[in-house]
Amino acid sequence: MKNFQEKYKTIYFALFLFVTVVFVTVVGYIGFSITNPIIEQNNIDRINDNIALLFSVEDGYVSNLDLDSNSKYAVKNYKYVIDIYEVLNSDGDVHAVIYNVWAQGRNDKVNALIAIDPYTDIVLGVVYYKHGETPNIGEKHTREIYEPLNGEVAGIEPLLGQSVVDEVYVPEISGATVTWGAINEIFAQVKTHYQAEEVHIDGN
């Protein structure tokens, strides 16, 4: 009788664990199904807002986020390139190509939008739209402009006007080597895709 009771308790406990696991899994799935689209939409909104900072609708620019995944903008084999967008001018011509790209920073991923003139290969704009870099250390790299004590200008400004087909020079900031490395990696990934997929456009 005792063995039967213990066996019954074991079966009951196993059943209880099974039901609990199923319940937690279902609740987790439902929660993910509800929150994931919201997170995705928030991310899209953030990207759109940051593209608008670079190329204003008031100036006649339009973002084209729905590009053919089988075209030269395909990113299937590029781990760090999330997506590629176009910015069209008021005539409907391509004004810029924007890379949505990331690299591992000191505390988290550094997500950036890198705008390139596909006719000249020149960097037109940079926005770090999401990162977890340490304030007043690695975060200095993500500022529009930062002037270290050595007098060399760092941040976004010195990146503009450089050619993406060359090695983009990223000024170092003391104590922020990991973030510096992440930004170098971001531009290296953009260069790899840009050249391999022949994103450059002949003629203007």
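Quick caveat, the model's predicted, so the values are computed rather than measured.

S.K.: Describe in detail the side chain of Glu86, supporting the description with residues and values.
M.R.: Secondary-structure assignment places Glu86 in strand 2 (residues 81–88). Buried within the structure, Glu86 lacks any salt-bridge partner; its nearest side chain of opposite charge belongs to Lys72, at an N-O separation of 6.2 Å. Reaching out from Glu86, the side chain makes a polar contact with the side chain of Tyr73 at a distance of 2.7 Å.

S.K.: So what's going on with a positive patch on the surface? Which residues, and what values?
M.R.: On the surface, a cluster of positive charge is contributed by Arg46, Lys79, Lys109 and Lys130. In this fold, Lys79 is placed in the loop between strand 1 (62–64) and strand 2. On the basis of relative accessible area, Lys79 is assigned to the exposed category, the value being 62%.

S.K.: Could you give me a rundown of a nonpolar patch on the surface, with the residues and numbers involved?
M.R.: On the surface, a nonpolar cluster with roughly 460 Å² of combined accessible area is contributed by Tyr12, Phe13, Phe16 and Leu17. Of note, Phe13 is situated in helix 1 (residues 2–54). Among the residues examined, Phe13 registers a relative accessible area of 52% and is labelled exposed.

S.K.: Run through the sheet that holds strand 4 (residues 109–117), naming residues and quoting values.
M.R.: The antiparallel open sheet is built from five strands, whose spatial order is 1-2-3-4-5. With one partner strand each, in any of the chains shown, strand 1 and strand 5 (122–130) form the two edges of the open sheet. Across the sheet, the mean angle separating the axes of adjacent strands is 25 degrees when strand polarity is ignored. Across three bridges, strand 1 lies against strand 2 in antiparallel orientation. When the sheet's bridge partners are listed, Asn64 is paired in strand 2 with Glu86. Across the sheet, helix 2 (residues 177–196) is in contact with strand 2, strand 3 (94–104), strand 4 and strand 5; its angle to strand 3 comes to roughly 130 degrees.

What counts, and at which threshold
- Residues numbered from 1 in each chain as written.
- Predicted model: local features only at pLDDT ≥ 70, side-chain atom pairs only at ≥ 80, totals over all residues.
- Heavy atoms only, no water.
- Helix = DSSP H or I, 4+ residues; strand = E, 2+ residues; numbered from the N terminus.
- Buried < 20%, exposed > 50% of the residue type's maximum accessible area, 1.4 Å probe, protein only.
- Lys, Arg positive; Asp, Glu negative; His and termini not counted.
- Salt bridge = Lys/Arg side-chain N within 4 Å of Asp/Glu carboxyl O.
- Polar contact = N/O pair within 3.5 Å; in protein donor to acceptor, adjacent residues only side chain to side chain.
- Patch = residues over 30% accessible without salt bridge, like charges linked within 9 Å, V, L, I, M, F, W, Y side chains within 5 Å.
- Areas by Shrake-Rupley, 256 points an atom, 1.4 Å probe, with all protein chains shown as cover.
- Charge placed at Lys NZ, Arg CZ, Asp CG, Glu CD.
- Pairing = 2+ DSSP bridges.
- Axes fitted to C-alpha atoms, helices over the stretch in contact; angles between N-to-C directions.
- Contact = heavy atoms within 4.5 Å.

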